[in-house]
Amino acid sequence: MLSIKDLTVNVNDKKILKGINLEIKAGEIHAIMGPNGSGKSTLSHILSGKSGYEVTGGSATYQGKDLLAMPPEIRAREGVFLAFQYPVEIPGVSNVYLLKAALNAVRKYNGDDEVDAMDFLTLVKAKVKALEMDEKFLYRAVNEGFSGGEKKRNEILQMAILEPKLCILDETDSGLDIDALKIVADGVNSLRSPDRAFIMVTHYQRLLDYIKPDFVHVLAHGQIIKSGGPELALELEEKGYGWLEEGQVTA
Amino acid sequence: MSTVLNPYLAAYPALSAVLPGQSLAWLQDIRAEACARFASHGFPTPREEDWRYSNVSALDKKNFAPVLAAATPVIDAEWLRQYQLADAWSLVLVDGHFCAALSQLHGLPATVQVVGMAEALQEADERLASYFGTAVNSAEHGFIAFNNACFTDGVFVHIPAQVVLDKPIQCLHIVTQEGALATTRNLLVLGDQAAAQWVETFVGTAVGYLSVAVTEAVVGQNASLTAYKVQCESEQAYHFGGLYIKQARDARCNHHNFAFGGLLARSDIHTDLAQAAECELNGLYLGGKRQHIDNHTRINHNQPYGISRETYKGVLADRARGVFQGRVVVAENAQKTDSTMNNRNLLLSADAEADTKPQLEIYADDVKCGHGVTVGQLDEKSVFYLQSRCIDEETARNMLTFAFANEMVDKVKVKALHELVLAQVLARFPQQGINQDWL
Ligand SMILES: Nc1ncnc2c1ncn2[C@@H]1O[C@H](COP(=O)(O)OP(=O)(O)OP(=O)(O)O)[C@@H](O)[C@H]1O
Ligand SMILES: [Mg+2]
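What you see as residue numbers is a count from 1 along each chain, following the sequence as written. The naming scheme follows written order: chains are lettered A onward, ligands numbered 1 onward. Confidence filtering applies because this is a predicted model: local features only for residues at pLDDT of at least 70, side-chain atom pairs given and counted only at 80 or more, and all residues used for totals across whole chains, interfaces and linings. Based on all heavy atoms of the structure, the side-chain values leave hydrogens and waters out of the count.

### Things to note about the interface of chain A and chain B
Note the threshold: It only takes one pair of heavy atoms within 4.5 Å for two residues to be counted as in contact. Summed over both partners, buried area is the accessible surface (1.4 Å probe) that two parts give up on being assembled. The salt bridge criterion pairs a side-chain nitrogen of Lys or Arg with a carboxyl oxygen of Asp or Glu, the two atoms within 4 Å. Throughout this description, a polar contact denotes any pair of N or O atoms lying within 3.5 Å of each other; where both atoms belong to protein, one of them has to be capable of donating a hydrogen while the other can accept it, and for residues adjacent in sequence the pair is counted only when both atoms sit in side chains. Helix and strand labels come from DSSP, where a helix needs a run of H or I of at least four residues and a strand needs a run of E of at least two; each type is numbered from the N terminus. Under the grouping applied here, Gly and all other residues not named as nonpolar or charged are polar, the nonpolar ones being Ala, Val, Leu, Ile, Met, Phe, Trp, Tyr, Cys and Pro and the charged ones Asp, Glu, Lys and Arg.
Contacts between chain A and chain B engage 33 residues on the former and 23 residues on the latter. For the pair chain A and chain B, the two sides together bury roughly 2,400 Å², of which 69% comes from carbon and sulfur. The tally of links from chain A across to chain B stands at 1 salt bridge. Across the pair Glu155(A) and Arg389(B) runs a salt bridge whose closest N-O atoms are separated by 2.7 Å. Where chain A meets chain B, there are 8 residue pairs in polar contact (both at pLDDT 80 or more). If you list the elements that add at least two residues to the side of chain A that touches chain B, you get helix H2 (72–77), strand E6 (80–83), strand E7 (90–94), helix H3 (95–109), helix H4 (117–130) and helix H6 (148–162) of chain A. Top contributing element to the side of chain A that touches chain B by residue count: H3(A), with 8 residues. Here the residues of the side of chain A that touches chain B are counted per class, giving 22 nonpolar, 5 polar and 6 charged.

### Description of the site of ligand 1
Residues and elements named next belong to chain A. Where we set the bar: In this text, near means that some heavy atom of the residue lies within 4 Å of the molecule or strand in question.
Gly37, Lys40, Ser41, Thr42 and His203 are the nearest of the 15 residues found near ligand 1. Contact distances for ligand 1 include 3.0 Å between an oxygen atom and a backbone N or O atom of Gly39. Looking at the shell around ligand 1, the elements that each hand over two or more residues are strand E2 (14–24) and helix H1 (40–48). Residues belonging to the shell around ligand 1 are distributed by class as follows: 3 nonpolar, 9 polar and 3 charged.

### Some words on unusual backbone geometry
Even without a glycine there, the phi angle at Gln63(A) is positive, about 50°. We note that Ala276(B) has phi near 60°; this positive angle belongs to a residue other than glycine.

### So, the sheet that holds strand E9 (residues 166–170) of chain A
Residues and elements named next belong to chain A. Rules: Two strands make a pair as long as DSSP finds a minimum of two bridges between them. Lines fitted to the C-alpha atoms define the axes, with helices restricted to the stretch that makes contact. Angles between their N-to-C directions range from 0 to 180 degrees.
Taken in spatial order, the 6 strands line up as E6-E9-E10-E3-E11-E12 in an open sheet, and their pairing is mixed. Each edge of the open sheet carries a strand with a single partner, namely E6 and strand E12 (223–228). Direction aside, neighbouring strands of the sheet carry axes that sit 20° apart on average. When strand E3 (residues 29–33) meets strand E10 (residues 197–201), the two strands line up parallel, connected through 4 bridges. Residue pairing across strands places Ala31 opposite Met200, the latter belonging to E10. Of the strands in this sheet, E3, strand E11 (215–220) and E12 are in contact with helix H9 (residues 230–239), which crosses E11 at around 45°.

### Overview of the domain arrangement of chain B
Residues and elements named next belong to chain B. Put simply, the test is: An automatic or database domain assignment provides the domain bounds reported here.
One can read the domain layout of chain B as domain 1 (5–274) and domain 2 (380–439). One C-alpha centre belongs to domain 1, the other to domain 2; they are set 32 Å apart. Taken together, the 14 residues of domain 1 in the interface contact 13 residues of domain 2. Across the domain 1 to domain 2 interface the summed buried area is about 1,100 Å²; carbon plus sulfur atoms make up 78%. Contact with domain 2 buries area across many residues of domain 1, yet Tyr228, Phe258 and Phe260 alone supply 44% of it, more than any other trio. In this assembly, domain 1 and domain 2 are joined by 0 salt bridges. At the junction of domain 1 and domain 2, the tally comes to 2 residue pairs in polar contact (both at pLDDT 80 or more). For the side of domain 1 that touches domain 2, the secondary structure elements donating two or more residues are helix H4 (77–83), strand E8 (195–204), strand E10 (224–232) and strand E12 (252–259). Of all the elements, E10 adds the most residues to the side of domain 1 that touches domain 2, at 3 residues. Here the side of domain 1 that touches domain 2 is built from residues that sort into 10 nonpolar, 4 polar and no charged.

### Structural notes on helix H1 (residues 7–16) of chain B
Residues and elements named next belong to chain B. To keep it simple, the criterion reads: Each residue's exposure class comes from its accessible area (1.4 Å probe, protein chains only) as a fraction of the maximum for that residue type: buried when under 20%, exposed when over 50%, partly exposed otherwise. Each C-beta atom gives one direction from the helix axis, and the arc is the one those directions make.
The set of residues buried in H1 consists of Pro7, Tyr8, Leu9, Tyr12 and Leu15. When H1 is viewed along its axis, its buried side chains cluster within an angular range of 165° and face the same direction. Those residues of H1 that are exposed and angled more than 90 degrees off the buried face are Pro13 and Ala14. Each element contacted by the buried residues of H1 is listed here: helix H2 (25–41), helix H3 (58–62), strand E1 (65–66), helix H7 (142–150), strand E7 (180–190) and strand E9 (210–219). The distance from a side-chain oxygen at the start of H1 to the backbone nitrogen of Tyr8 is 2.7 Å, and the residue carrying that oxygen is Asn6.

Here it is as structure tokens:
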């Protein structure tokens, strides 16, 4: 589904990603862990098309297409979804309006008719209920005045409505209490399917207790310095990143 | 000293002979004094601090002329329906004259007095005489003097103490003649504890004209006034419209100012607050092409415990220029005043300009006053967020621009007026992608 090869990225002439290689197949869940400032969000942003980054080398191929050549909205319509680490507040645009506009944009792109207003409300209300959100959130401005946890849940709501193929969750678990984490994890798990893949950026093993990854990667100083199975996350939880980073220097 | 006589002054002797209120000595004094002031000062110039961003010198070359004949005007009913609110009492002024035939006053409580200004003067209404000129000061600037000297008509509304009106009163100003000068004067009086909604709408079917409007609002103790101004003058029109409010003790006033039309449009919203009076001033100005839209507000906290809240937003495209000058004056004894002012501007093109100048003059020491201004472009993080949700960049920008403006539109609580204002905003940002079914 996604193949990243030797990807190098600069921000303001500073090297942030220094040769990322990653192969993600449909149905897989990849966790990316790593110290603060190592480039995890940069990688998420680059994949979803945020401007302000300069790709200096390498490639990212998504379903056989050059992902980096597509404008952000085309990536999104092709099924790439980023749940933001810091979701943006948009005063004046209601949640339900954004959801509908987004869904219709995808449907139009795929040659489908716009969603019927009643069907849409039924769909949205069901998803809202599953995420144990208050329906009132639908009519509030996007993320405006939401608590940290409410914002993260709202990201998952959007994901549930859009049903993307490649879901990138950038620290969706940060700032969630245990109950909210379970609800969000259930939301993610209910979307698991053989033709959908997940990249989950996280600092905490706790999330991986609920959503079991197939692979765990450690991103440090702009490179993936170690990859392994779920057991790697447990090891990181216990020992931190120090032992890996030292190993890299002496290697 | 200019050797060419200002065209408006040259025309004044003939005009003054036919203006209403000839037999009223008090009015003749006001007119004479105003005329003398206008003769010596003329229209304001950018040398005056309150006019530094707006140059109105074009008016002296245009020579707009008052329309004297008050024959029943022919106005397309369909067109009028766009602006005349359903479910409201409406007063229509056409080319500077009150038009009873187009007005709709059915069902107005008998105690409420609503009458054309010329007629009220003709009848030497005593209440009119006692309130006229009490909320506005002719020396403030040239357009007020001009209005005092030249006004041809307007409306006088008196709502007695305790009366609460359940429907809004709309004053609809229409200009239909090219080159016309419409100088109108309104007086709105709310007795103690009365409550009313007042809507002023400015529109034109002609292209180039000059509208100089002054409304005085005298709001009694603990009375409540919600007032709206919707300025949709035609593209080539000049608009100078002021609302001057005097709030008695505990009076509350909310004003919503929508400035959309005109080539050069200036709005003055002034309010004087007595003890514990509260006001909220909201504004939205949208400029495109070469429009120049100037908003001047003034809040005088004259006594203690007053509260003022002010939010003005501007969206400026093309080569438009928007001005916001917000002045708050807290008098020495106005302790415990609580005041905030906010002005935010969105520039949609590199050639658009916004000048913003909050002015706080605080002479009391125990007060809470704040202000903030911004001038900028759309937030790129928000644009990207919407794009990441499948929405193309152009639509994303349109949505965000619309949302920025819509926040002010949503404050309008009169349903028919909300529709009118929303339609105006949508028409001024013709954008696909903003479908109106907000569910
Ligand atoms: N716009 C920018 N200008 C300059 N430096 C930037 C910019 N954006 C990111 N960086 C830098 O790039 C590096 C990687 O940042 P990134 O946000 O990708 O880290 P992260 O791994 O997501 O960290 P965290 O775990 O704290 O979320 C950091 O050193 C950061 O300061
Ligand atoms: Mg990050």
